[in-house]
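Examination of the molecular architecture
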Amino acid sequence: MPNKEEREVIEVVEALLEEKWSRSGPRSKIVEAIIVLLHGKPMKAAEIAQYLGYNTRYISSYLSYWRVRGLFEYVNGLWQLTPKGEQVAQLIISRYQEQRFNEYLIIAKQILGEQVKQAVNDNNTRVTLPNSSRSLSFIASKTSQKIPQPDRRSQVECLKHLINYKELPDEEKEVLDQLFEHYIKWNSTYMYVDQLIDQLKANEIWLMRVLKGLQAKHLIYLYRDPRLGTRVGFSRTAKKLLSQCSKNQ
């Protein structure tokens, strides 16, 4: 049975993970990042903002919000974690380390799966020494089959430049970044609101407000699919600019 202090820490972590605050309150990912940084050392708000890529006033609002809730304290001009904040930091770090291990485990299983598959497919191939010409030609034939993929990350950087990404509000950048990463990974220019809510750990009301702001700037479109929900994607203008960036590669 956890004691009172342990219960308070658990409640804070649950709030971070489940987004229990109002739409005007901070969102978990940024708060988690601040907690982990301050676990490393006390810092000024400006330092934290510089490390995370946000303006100082934006970060200060999060620090003030969670200071009242017992995670941060301001001592001699520096922000630092309270004892409760330190416990929360340990739990967050532990959770991410576990997630990373699971990712490594998946990769390890994929390696074993590929090894078994290759053994089945190549079971009639004569085994040769690594320095033999037979081995080298076999490796060359396998690697030459790879089709070069377009550098979608460079395309996104080009698009950011064309839409004056740096001038956008931080919250709009945060949403766009998810759309950009989705495009880079899956070559898809759209995703769904429920996916964004899950990835950003965001409040739906807050998210829709930000999306409408991006829509007003002709950067995205919103489409209500009766079966699958609201879809968010690059606008026609953004797609044309992206196509232009692709041609310039």
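Moving on: helix H9 (residues 193–200). Those residues of H9 that fall on the buried side of the exposure criterion are Val 193, Leu 196 and Leu 200. On an axial view of H9, the arc spanned by its buried residues comes to 60 degrees, and they lie on one face.

Working definition of a disulfide: a covalent bond connecting the sulfur atoms of two cysteines. One pass over the structure, following the stated rule, counts one disulfide. Two residues share a disulfide in this structure: Cys 158 and Cys 245, whose sulfurs sit 2.1 Å from each other. Every disulfide takes its handedness from the sign of the S-S torsion; for Cys 158 and Cys 245 that torsion is -75 degrees, giving left-handed. Note that Cys 158 is positioned in helix H7 (residues 152–162) and Cys 245 in helix H11 (residues 236–247), a separation of 87 residues in sequence. On the accessibility criterion, Cys 245 (3% relative accessible area) is buried.

Bringing the nonpolar core into the picture now. Core analysis: the largest hydrophobic core is formed by 28 residues, its most contacted members being Val 175 and Leu 176. Secondary structure elements with two or more residues in this core: H7, helix H8 (170–186), H9, helix H10 (204–216), strand E5 (229–234) and H11. A per-element tally of this core places H8 first, with six residues. Leaving out residues up to four positions away in the same chain, Leu 176 has contacts with Ile 163, Tyr 165, Leu 168, Leu 214, Leu 219 and Ile 220. Residues Tyr 58, Trp 66, Phe 72 and Trp 79 belong to the second largest nonpolar core, which totals 21 residues.

Looking at the element boundaries, Ser 235 is found in the loop between E5 and H11. Reaching out from Ser 235, the side chain makes a polar contact with the backbone oxygen of His 218 at a distance of 2.6 Å.

Calculation criteria
Counting restarts for each chain: residues are numbered from 1 in the order of the written sequence. Two thresholds apply to this predicted model, a pLDDT of at least 70 for residue-level local features and 80 or more for giving and counting side-chain atom pairs, whereas whole-chain, interface and lining totals are computed over all residues. Here the side-chain values reflect all heavy atoms present in the structure, with hydrogen atoms and water set aside. Remark: exposure states derive from per-residue accessible area (1.4 Å probe, protein chains only) relative to the maximum for the residue type, with buried under 20%, exposed over 50%, and partly exposed in between. Secondary structure is summarised from DSSP: a helix means a run of H or I of at least four residues, a strand means a run of E of at least two, and numbering begins at the N terminus for each. Here the arc refers to the set of directions running from the helix axis out to each C-beta atom. When the sulfur atoms of two cysteines come within 2.5 Å, that pair is taken as a disulfide. We call a set of buried Ala, Val, Leu, Ile, Met, Phe, Trp, Tyr and Cys residues a nonpolar core when their side-chain atoms join them within 4.5 Å. Residues are treated as being in contact if the distance between any of their heavy atoms lies within 4.5 Å. Polar contacts, as used here, are pairs of N or O atoms within 3.5 Å; protein pairs need one atom able to donate a hydrogen and one able to accept it. Residues neighboring in sequence count only if both atoms are side-chain atoms.

Interpretation in functional terms is not warranted from these geometric data alone.
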